2 protein chains.
Amino acid sequence: MARAFLHLNGNQTFHILSRSSVTRASLPHRSMMVTMSQNQSYWASINAEIEAHLKQAIPLRPPLQVFEPMHHLVFAAPQNPAPALCIAACELVGGHRDQAMAAASTLHLMQAASFTHEQLPLTDRPRPKSRPTIHHAYGPNIELLLGDGMLPFGFELLARSDDPAQNNSDQILRVTIEIARAIGSQGMVEGQYYELECPQSEGEELCDIGWIEQVCKKKEGELHACGAACGAILGGGSEEEIEKLRRFGLYVGTIQGMLHGAGKLEKGLMKVVEEFRNLALKELEEFKGGKVEAISSFVNV
Amino acid sequence: MARAFLHLNGNQTFHILSRSSVTRASLPHRSMMVTMSQNQSYWASINAEIEAHLKQAIPLRPPLQVFEPMHHLVFAAPQNPAPALCIAACELVGGHRDQAMAAASTLHLMQAASFTHEQLPLTDRPRPKSRPTIHHAYGPNIELLLGDGMLPFGFELLARSDDPAQNNSDQILRVTIEIARAIGSQGMVEGQYYELECPQSEGEELCDIGWIEQVCKKKEGELHACGAACGAILGGGSEEEIEKLRRFGLYVGTIQGMLHGAGKLEKGLMKVVEEFRNLALKELEEFKGGKVEAISSFVNV
């Protein structure tokens, strides 16, 4: 997972942008590179802790036929930054990252389960060339079961983080609802449904920018919105802070989807990305403290 | 769903047994038929309430392309008695059935999601003739997504039943963990994995009774054990009552799996069923009150 997580830091975003339509003038200068490096170690430290939490939570225990493949797929699935965003939001509102660690790990499990199911070879499934693929180490049946196992395990992990000393059970239940909605029929699953509807031409999509935006909002946008909101809830943020961070996550996630997912070559896409980047940063304007710069590095390159 | 639930009452169990290896001497006499009829209306009233709760919880809302098929599959999937057992256990320990209604509905959603995924046509999936099938109203892709949507929705429904007036959030979180384990990699998914391992011969299984027992314990047994334990938790039962009802559910569910699922023609099966039936009833011996007879009708025919 460590390698996968490298895609999530600011530096990587810079590379993506420099390959796309950003002009030379917008490339970072020396002092900005230093800040980026600091932000990079912020994200790296978060990601390392999420990985350690998950490794401890998913031991290689019997039956090994079930747990070994689950262990493999949880850490082999490509990552998105929603779990790290959850931790960053928690810290931004003054919480400790431990308070959001279980929710962040759950978000990673949900995303890994979804990715595993997305790779299943179904007879009526279009497979665009642009979608990332993984080596299928296991048969479809095992991969179906693994996804079906990871998802409830994510909810279990979250529920187990209930701590009488913190009196946080209401927060955990609220976050459970947030995550269930973001990955379910009003979020990621709805986005996957829209994705199926896109007409194909020799493996490349023929979909307009409105469609891409809709899919990315539902799939990546709402997962990131959920991650940021959950972090703020668990960190004890106010309702206003929670909603600001939810909107920040929605823009950030939609950008992630647009830059990495289907349709990334679409004309006019960078204009929408730039617009969402500005809207995202606007949501952070009223936050104070040292963590603002770190969280804004999601988009500020 | 009402029709599907009809399979769950005592009368139906009687028919199954009378078709199997039970002797004439064990058939119910007239007074027992009256009791069975009372028990039947007990189960029927529970099942009608679970159905109504689910219908209210899954409205036909936009996007209809997602919610209409979900609505269809939730109510078309064949049923097992785990949700009803959840309510019965709650009432047995002195709780009101409303306290366990969300958990029972969640159990139904989980079972429907699992069944939907079990029907997916995967290239490496054996399909025994004895397994029930449904008409595929939708393509595999939609059915995969629907299962992936139903599962988080089940957890959402459960988390939403948190009621500050009842101060039940710790119970809800405990039940969340119970359900996640029963349907995940230490429960139903593990059973489905074992099921894949059974050698096939022209669509009929060639597995021994030990294998059948293992699969049925993991798939149906642990789901019923979970249902009964969750009902007792939500109804305010003592730890001793919870564990007694968990064991009762394990026996009852394993019997259900053995009588309805793979390998039902296996020699010696009825001997094991009879043994489990006695062990199940033994767990109820120390319970008092009018509901004991009703819950024991799961096996007492």
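Residues numbered from 1 in each chain as written. Chains lettered and ligands numbered in written order. Predicted model: local features only at pLDDT ≥ 70, side-chain atom pairs only at ≥ 80, totals over all residues. Heavy atoms only, no water.

Trainee: How would you sum up the overall build of chain A? Please name residues and give values.
Mentor: Along its length, chain A carries 13 helices and two strands. Of all 301 residues assigned to chain A, the portion counted as buried reaches 60%. In chain A, the proportion of contacts linking residues at least 24 apart, taken out of those at least 6 apart, comes to 75%. Here chain A displays about 12,200 Å² of accessible surface, and carbon together with sulfur accounts for 53% of that area. (Helix = DSSP H or I, 4+ residues; strand = E, 2+ residues; numbered from the N terminus. Buried < 20%, exposed > 50% of the residue type's maximum accessible area, 1.4 Å probe, protein only. Contact = heavy atoms within 4.5 Å. Areas by Shrake-Rupley, 256 points an atom, 1.4 Å probe, with all protein chains shown as cover.)

Trainee: For the side chain of A:Glu220, give the residues involved together with the corresponding values.
Mentor: Residues and elements named next belong to chain A. Locating glutamate 220 in the fold gives a position in helix 10 (residues 209-234). For glutamate 220, which is buried and forms no salt bridge, the nearest opposite charge comes from lysine 219, at a distance of 4.7 Å. Here glutamate 220 is in contact with Val215, Gly253, Thr254 and Gly257, once residues within four sequence places are set aside. (Lys, Arg positive; Asp, Glu negative; His and termini not counted. Salt bridge = Lys/Arg side-chain N within 4 Å of Asp/Glu carboxyl O.)

Trainee: A description of the environment of B:Leu173 should follow, citing residues and the corresponding values.
Mentor: Along the polypeptide, B:Leu173 turns up in helix 8 (residues 169-183). The exposure class of B:Leu173 is buried, given its relative accessible area of 2%. Separated by 15 residues in the primary sequence, B:Leu173 and B:Leu158 place their C-alpha atoms 8.9 Å from one another. When near neighbours in sequence (up to four residues on either side) are disregarded, B:Leu173 contacts A:Ala159, A:Asp162, A:Ser169, A:Ile172 and A:Leu173.

Trainee: Mind laying out the relation of the copies chain B and chain A, listing which residues take part and the relevant values?
Mentor: Two copies of the chain are present, and they differ by a rotation about an axis and a shift along that axis. Of the transformation superimposing chain B on chain A, the axial component is 0.0 Å and the angular component is 180°, with the fit at an RMSD of 0.0 Å. Both copies of the chain, as the preceding transformation shows, are related through a two-fold rotation axis. Taking the C-alpha atom as reference, chain B places B:Ser169 closest to the rotation axis, 3.1 Å from it. Most of the interface of chain B is mirrored in chain A, where 100% of its interface residues are also at the interface. (Least-squares fit on C-alpha atoms with pLDDT ≥ 70 in both.)

Trainee: So, the environment of B:Leu120: which residues are in play, and what are the values?
Mentor: Within the secondary structure, B:Leu120 is located in the loop between helix 6 (97-118) and helix 7 (140-160). Separated by 21 residues in sequence, B:Leu120 and B:Asn141 have C-alpha atoms that sit 8.8 Å apart.

Trainee: Residue-level account of the packing of aromatic side chains, with values.
Mentor: Any two aromatic rings considered together are summarised by their centre-to-centre distance and by the angle between their planes. Overall, the coordinates contain nine aromatic pairs over all chains when judged by the stated rule. Taking the centre distance of 4.2 Å and the plane angle of 70° together, the rings of A:Trp43 and A:Phe298 count as edge-to-face. In this pair, A:Trp43 is assigned in helix 3 (residues 30-57) and A:Phe298 in the segment after helix 13 (291-296), connecting sequence segments 255 residues apart. Of the two residues, A:Trp43 and A:Phe298, both sit in the buried class. For the ring pair B:Tyr42 and B:Trp43, a centre distance of 5.3 Å and an interplane angle of 65° mean the geometry is edge-to-face. Taken together, A:Tyr42, A:Trp43 and A:Phe298 form an aromatic cluster joined through their ring pairs. The side chain of A:Lys55 reaches across the aromatic face of A:Phe75, ending 5.3 Å from its centre. (Phe/Tyr/Trp six-rings, centres within 6.5 Å; stacked < 30°, edge-to-face > 60°. Lys NZ or Arg CZ within 6 Å of the ring centre and 35° of its normal.)

Trainee: How would you explain the interface of chain B and chain A if you had to name every residue and give the values?
Mentor: If you look at the interface, chain B gives 47 residues, while chain A gives 47 residues. Buried area between chain B and chain A, both sides added, is near 4,300 Å², and the carbon and sulfur share of it is 67%. There are two salt bridges connecting chain B and chain A. Residue B:Glu156 is joined to A:Arg181 by a salt bridge in which the shortest nitrogen-to-oxygen separation is 2.7 Å. Counting the contacts that link chain B with chain A gives seven residue pairs in polar contact (both at pLDDT 80 or more). Elements supplying a minimum of two residues to the side of chain B that touches chain A: helix 4 (64-76), helix 7, helix 8 and helix 9 (188-197) of chain B. When residues of the side of chain B that touches chain A are assigned to their parent elements, the largest contribution, 13 residues, is made by helix 7 of chain B. In terms of residue class, the side of chain B that touches chain A is built from 24 nonpolar, 12 polar and 11 charged. (Buried area = accessible area lost by both parts, 1.4 Å probe. Polar contact = N/O pair within 3.5 Å; in protein donor to acceptor, adjacent residues only side chain to side chain. Nonpolar A, V, L, I, M, F, W, Y, C, P; charged D, E, K, R; others polar.)

Trainee: Account for the packing of helix 7 (residues 140-160) of chain A against helix 8 (residues 169-183) of chain A, naming residues and giving values.
Mentor: The description of two packed helices rests on the angle between their axes and on the distance between the axes. All names here are of chain A. Interaxial distance between helix 7 and helix 8 falls to 10 Å at its minimum, and their mutual angle equals 160°. Classified by the angle between their axes, helix 7 and helix 8 sit roughly antiparallel to one another. With respect to the hand of their crossing, helix 7 and helix 8 are arranged in right-handed fashion. Only Ile172, Val175, Thr176, Ile179, Ala180 and Ile183 of helix 8 make contact with helix 7, whose side of the interface consists of Leu151, Phe155, Leu158 and Ala159. When grouped by side-chain class, the residues that make up the contact of helix 7 with helix 8 number nine nonpolar, one polar and no charged. (Axes fitted to C-alpha atoms, helices over the stretch in contact; angles between N-to-C directions. Parallel < 35°, antiparallel > 145°, perpendicular 65-115°, else oblique. Left-handed = near helix turned anticlockwise from the far one by under 90°.)

That is the geometry; function is a separate question.
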